[in-house]
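Structural features, examined
Below, each chain spelled out in residue letters.
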Amino acid sequence: MGELKLWNKYRISNIPSLIFLDATTGKVVCRNGLLVIRDDPEGLEFPWGPKPFREVIAGPLLRNNGQSLESSSLEGSHVGVYFSAHWCPPCRSLTRVLVESYRKIKEAGQKFEIIFVSADRSEDSFKQYFSEMPWLAVPYTDEARRSRLNRLYGIQGIPTLIVLDPQGEVITRQGRVEVLNDEDCRGFPWHPKPVLELSDSNAVQLNEGPCLVLFVDSEDDGESEAAKQLIQPIAEKIIAKYKAKEEEAPLLFFVAGEDDMTDSLRDYTNLPEAAPLLTILDMSARAKYVMDVEEITPAIVEAFVNDFLAEKLKPEPI
């Protein structure tokens with residue numbers, strides 16, 4: 001396996017990165033190996049596999065009025081784990097939106113709690129930031145527990161909002177995108193959609209790994225919807241196949257209409273003007289795969305995806 005393939009397979013976005021695998025299954029045991037070594041230099045917790053959320057969060061949680069309650073009070077609730085810090089401007093703007101979302105979700109009668117995991121640089125700035133938040137926090141002084149949560153979810157940057165179901169399983173790691181895209185919280189708890197319409201707020205996901213993007217002529221009403229219907233069964237099949245193996249799907253699926261952002265994406269990746277145009281873009285590997293055919297059918301999409309996954313396609317540089 002080439003060096004680049006390993007980078008892509010494990011979605012490495014910054015270095016140094018240390019990832020632990022289970023040699024018998026090849027599954028990722030832990031993404032944040034550097035944090036592990038810092039937190040557990042003696043190797044007492046080896047083999048550092050993922051622990052259940054309930055176990056990692058165990059202990060007291062704070063409200064900003066100083067009141068403390070046990071993590072067991074989260075039983076039966078959806079939970080947002082919010083990694084954030086006052087020194088980071090995108091965090092502050094997300095917090096403002098999130099306060100409203102939290103209120104709306106609670107008012108709709110949903111059992112929902114958010115836990116702030118601070119990356120602030122001092123306890124004072126933690127307290128100042130937390131005073132704006134109506135939810136719970138891991139005590140700033142409990143650095144070990146904050147670090148364990150960072151490790152559990154392989155946090156690479158902030159703000160990150162991870163939404164869990166009442167069993168503590170991840171529903172989405174893209175809570176930030178979901179909250180900003182769904183002001184009325186109609187889609188809560190935001191189970192991932194198999195196919196997304198490319199937009200300013202979700203375009204960041206193009207950097208997370210290979211993405212199938214079907215560009216359509218959106219002058220034609222209903223074209224985007226038809227394209228989504230075309231890709232959806234194929235996306236669902238792939239997602240289900242990898243979920244059965246307890247792995248993340250190796251491709252994200254998008255439909256892109258015509259707007260300034262799509263134009264700049266085409267320019268950046270040097271794509272032909274044609275629509276419809278079927279592509280797989282892999283930004284981190286700076287590679288693209290292009291299928292320029294008159295008519296795009298489910299059979300064509302499926303063959304294209306399968307050939308990509310079987311590494312039969314020849315990449316062109318971006």
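Worth saying up front: this structure is predicted, and the values here are computed from it rather than measured.

Bringing the overall build of the protein into the picture now. Each helix and strand counted, the protein has 10 helices and 15 strands in total. On C-alpha atoms alone, the protein measures out to a radius of gyration of 21 Å, which is about the 20 Å that the 2.2 N^0.38 rule sets for 318 residues. Counting only C-alpha atoms and orienting by the principal axes, one finds that the protein spans roughly 65 × 45 × 35 Å. Put simply, the protein has 318 residues, and 44% of those count as buried. Put simply, 60% of the contacts in the protein that link residues at least 6 apart link residues at least 24 apart. On the protein, roughly 16900 Å² of surface is accessible, and the fraction owed to carbon and sulfur atoms is 51%. Positive and negative side-chain charges in the protein, numbering 35 and 51 respectively, have mean positions lying 7 Å apart.

The grouping of Asp200, Asp217, Glu258, Asp259, Asp260, Asp263, Asp267 and Glu273 at the surface amounts to a negative patch. Examined against the element boundaries, aspartate 267 turns out to sit in helix H9 (residues 260-269). Residue aspartate 267 is classed as exposed on the basis of its relative accessible area, which comes to 59%.

Take the nonpolar core next. Ranked by internal contacts, the top residues of the largest apolar core, which has 24 residues, are Leu212, Leu214, Ile231, Phe253 and Val301. Elements represented by at least two residues in this core include exactly strand S11 (211-215), helix H8 (223-244), strand S12 (252-256), strand S13 (277-282), strand S14 (287-291) and helix H10 (298-309). Looking at this core element by element, the count peaks at 7 residues for H8. Setting aside its immediate chain neighbours within four residues, valine 301 contacts Leu212, Leu230, Ile234, Leu278 and Ile296.

Each assigned domain of the protein is listed here: domain 1 (1-39), domain 2 (53-181) and domain 3 (196-317). In this structure, domain 1 and domain 2 have C-alpha centres spaced 26 Å apart. In this complex, domain 1 contributes 8 residues to the contact, which on the side of domain 2 involves 6 residues. The three residues of domain 1 that bury the most area against domain 2 are Asn32, Leu35 and Asp39, which together make up 51% of that side's buried surface. Taken together, the connections running from domain 1 to domain 2 amount to 0 salt bridges.

This part is about the layout of surface pockets. Once rolled over the atoms, a probe with the size of a water molecule shows which space is left empty. Looking at the second largest pocket, its volume works out to about 210 Å³. Contributing to the lining of the second largest pocket are 16 residues, with Asn14, Pro16, Ser17, Asn32 and Leu34 lying nearest its centre. Class assignment of the residues belonging to the lining of the second largest pocket gives a composition of 9 nonpolar, 5 polar and 2 charged.

On to the pairing of S13. Remark: a regular strand shows side chains that alternate across the two faces of the sheet. Most of S13 is tucked away: 6 of the 6 residues are buried. Along S13, one buried face is formed by Leu277, Thr279 and Leu281 and the opposite face, lined by Leu278, Ile280 and Asp282, is buried too. Here 5 bridges tie S11 to S13, and the two strands are oriented antiparallel to one another. Each bridged residue has a counterpart across the sheet, and for leucine 212 the counterpart in S13 is isoleucine 280. Of the strand pairs in this sheet, S13 and S14 are connected by 5 bridges, and their pairing is antiparallel. If you follow threonine 279 over to S14, its bridge partner there is valine 290. Connecting the antiparallel pair S13 and S14 is a turn made up of 4 residues, with arginine 286 showing a positive phi of about 50 degrees.

Take the pattern of salt bridges next. Enumeration according to the criterion identifies 10 salt bridges in this entry. With a closest N to O distance of 3.2 Å, arginine 54 and glutamate 75 form a salt bridge. Taken together, the residues arginine 54 in helix H3 (residues 53-57) and glutamate 75 in the loop between strand S4 (68-70) and strand S5 (78-84) connect sequence positions 21 residues apart. Since its relative accessible area comes to 46%, glutamate 75 is described here as partly exposed.

Turning our eyes to something else, we now look at the side chain of serine 77. Tracing the sequence through the fold places serine 77 in the loop between S4 and S5. Serine 77 has contacts with Lys111, Phe112, Asp165 and Pro166, leaving out every residue within four places of it along the chain.

Now for the pairing of strand S8 (residues 160-164). Burial of S8 is extensive: 5 of the 5 residues sit out of reach of the surface. The two faces of S8 match: Thr160, Ile162 and Leu164 on one face and Leu161 and Val163 on the other face are all buried. With 5 bridges joining them, S5 and S8 adopt antiparallel strand pairing. Paired with glycine 80 across the strands is valine 163, a residue of S8. Pairing of S8 with strand S9 (residues 170-172), which is carried by 2 bridges, proceeds in the antiparallel orientation. Within S9, the position partnered with leucine 164 by the bridge is valine 170. Linking S8 to S9, which pair antiparallel, is a turn of 5 residues; within it glycine 168 sits at a positive phi near 85 degrees.

Here is what the cut-offs are and how they apply
Residues numbered from 1 in each chain as written. Predicted model: local features only at pLDDT ≥ 70, side-chain atom pairs only at ≥ 80, totals over all residues. Heavy atoms only, no water. Helix = DSSP H or I, 4+ residues; strand = E, 2+ residues; numbered from the N terminus. Rg over C-alpha atoms; globule rule 2.2 N^0.38 Å. Buried < 20%, exposed > 50% of the residue type's maximum accessible area, 1.4 Å probe, protein only. Contact = heavy atoms within 4.5 Å. Areas by Shrake-Rupley, 256 points an atom, 1.4 Å probe, with all protein chains shown as cover. Lys, Arg positive; Asp, Glu negative; His and termini not counted. Charge placed at Lys NZ, Arg CZ, Asp CG, Glu CD. Patch = residues over 30% accessible without salt bridge, like charges linked within 9 Å, V, L, I, M, F, W, Y side chains within 5 Å. Salt bridge = Lys/Arg side-chain N within 4 Å of Asp/Glu carboxyl O. Core = buried A, V, L, I, M, F, W, Y, C linked by side-chain atoms within 4.5 Å. Domains from an automatic or database assignment. Buried area = accessible area lost by both parts, 1.4 Å probe. 1 Å grid on protein atoms, 1.4 Å probe; cavity = no way out; pocket = protein on both sides within 12 Å on 5 of 7 lines; lining within 4 Å. Points joined across faces, edges and corners; volume = space filled by probe spheres on them. Nonpolar A, V, L, I, M, F, W, Y, C, P; charged D, E, K, R; others polar. Pairing = 2+ DSSP bridges.

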